[in-house]
Amino acid sequence: KAGVTQTPRYLIKTRGQQVTLSCSPISGHRSVSWYQQTPGQGLQFLFEYFSETQRNKGNFPGRFSGRQFSNSRSEMNVSTLELGDSALYLCASGTGGSYEQYFGPGTRLTVT
Amino acid sequence: QKEVEQNSGPLSVPEGAIASLNCTYSDRGSQSFFWYRQYSGKSPELIMFIYSNGDKEDGRFTAQLNKASQYVSLLIRDSQPSDSATYLCAVKRPFSGGYNKLIFGAGTRLAVHP
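Our subject in this report is the structure included herewith. (Residues numbered from 1 in each chain as written. Chains lettered and ligands numbered in written order. Predicted model: local features only at pLDDT ≥ 70, side-chain atom pairs only at ≥ 80, totals over all residues. Heavy atoms only, no water.)

Scanning chain B from N- to C-terminus turns up 0 helices and 11 strands. When the elements of chain B are put in sequence order from the N terminus, they spell out β-β-β-β-β-β-β-β-β-β-β. For 114 residues, the compact-globule estimate of 2.2 N^0.38 gives 13 Å, and the C-alpha radius of gyration of chain B, at 14 Å, lies within 12% of that figure. If one aligns the C-alpha atoms of chain B with their principal axes, the spans along those axes are about 50 × 30 × 25 Å. Residues counted as buried form 45% of the 114 residues belonging to chain B. A separation threshold of at least 6 residues defines the contact pool for chain B, and within that pool the share at least 24 residues apart is 54%. As presented, chain B carries roughly 5,400 Å² of accessible surface, and 47% of it is formed by carbon and sulfur atoms. (Helix = DSSP H or I, 4+ residues; strand = E, 2+ residues; numbered from the N terminus. Rg over C-alpha atoms; globule rule 2.2 N^0.38 Å. Buried < 20%, exposed > 50% of the residue type's maximum accessible area, 1.4 Å probe, protein only. Contact = heavy atoms within 4.5 Å. Areas by Shrake-Rupley, 256 points an atom, 1.4 Å probe, with all protein chains shown as cover.)

The following block contains the structure:
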C-alpha cells in the first residue's frame with residue numbers, strides 16, 4: 001500500500017506571497033492532519049480533516065487554512081507569508097478512529 | 001506546563017544497552033499514547049502505541065503506561081547506532097466538539113555510540 005505523499009517537497013517563497021501544499025493520504029484513510037515543525041517549537045498541530053469536514057483546529061492565525069476533497073486528498077494554504085512561516089509542514093493520515101497517524105515526507109517551506 | 005513533557009536529551013547510551021525514554025502528560029482524560037521515531041531530516045515514523053496500563057512489547061521495543069502516574073515510557077533493548085534519532089511521545093486526548101486531538105511532546109534525542 002502506498003504511503004502518504006506530499007507535494008511539493010521544497011518551496012521557496014517571498015514574504016507576502018501565498019502558498020498551497022498538497023497531501024494524498026494512504027488509500028482508505030479518511031483523516032488528514034497537518035502539522036508545522038520548527039526547531040524551536042517542535043510539532044505544532046494546525047488542523048484535522050475527516051470526510052471533508054474540519055474536526056479540529058490548532059492555535060494558528062487565519063492565514064492558515066485547509067480543505068479536504070471527496071477523495072480524501074487535502075490541501076493547506078498559507079496567505080500573506082511571513083518569515084516565521086518557514087518550517088517543515090507535515091501531513092499525517094489515519095483512519096480517524098484510533099488516531100494512529102502516518103506521516104508523509106513533508107514540504108520544506110522557506111520564506112525569504 | 002506543557003501538556004506532554006519529554007526530556008530533550010541527548011540521551012547517550014552504549015551499543016547493546018537498554019535505552020529508556022520517558023514522557024509525562026497532564027490531561028487525565030488522555031486515552032491513547034504513541035511513540036514516533038524521527039531521523040534527522042526525515043518525517044516521524046510510528047513505532048508503537050499503547051492504550052492500556054502495563055507493558056506492550058514489539059521486538060526490541062517495549063512501551064509502558066501508568067495512567068495513575070500519567071507516565072508513559074519506551075524501552076529499547078539491545079540499542080543499535082541505527083536507533084539514534086529523536087523519539088516523540090504523542091498523546092490522544094478529548095478536544096472540543098466531541099473529537100480528539102493528538103498532542104506531541106518536543107522529543108528526546110537518543111544517541112547510541114559504538
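Turning our attention to unusual backbone geometry. The omega angle of the peptide bond from Thr7(A) to Pro8(A) is -10°, so this bond is cis rather than trans. The residue Pro8(A) is located in the loop between strand 1 (5–7) and strand 2 (10–13) in this model. Following Gly9(B), the chain continues to Pro10(B) via a peptide bond in cis, the omega torsion being 10°. Backbone geometry at Ser51(A) places phi at a positive 50°, although glycine is not the residue there. In this model, Asp78(B) sits at a positive phi of 50°, which is unusual for a non-glycine residue.

What follows covers the side chain of Ser43(B). Along the chain, Ser43(B) falls in the loop between strand 4 (32–38) and strand 5 (45–50). Among the residues examined, Ser43(B) registers a relative accessible area of 18% and is labelled buried. At 2.9 Å, the side chain of Ser43(B) and the backbone oxygen of Gly104(A) are in polar contact. Beyond its immediate stretch of four places on either side in the chain, Ser43(B) contacts Leu90(A), Phe103(A), Gly104(A), Pro105(A), Arg37(B) and Gln38(B). (Polar contact = N/O pair within 3.5 Å; in protein donor to acceptor, adjacent residues only side chain to side chain.)

Turning our eyes to something else, we now look at empty space enclosed by the protein. Across all of its chains, the model carries 1 cavity of 30 Å³ or more by this definition. A volume near 30 Å³ is recorded for the largest cavity. In terms of lining residues, the largest cavity is bounded by Ser33(A), Tyr35(A), Phe45(A), Glu48(A), Asn56(A), Tyr99(A), Gln101(A), Asn100(B), Lys101(B) and Leu102(B). Among the secondary structure elements, those contributing two or more residues to the lining of the largest cavity are strand 4 (31–38) and strand 5 (42–50) of chain A together with strand 10 (100–104) of chain B. Sort the elements by how many residues they give to the lining of the largest cavity and strand 10 of chain B lands first, with 3 residues. (1 Å grid on protein atoms, 1.4 Å probe; cavity = no way out; pocket = protein on both sides within 12 Å on 5 of 7 lines; lining within 4 Å. Points joined across faces, edges and corners; volume = space filled by probe spheres on them.)

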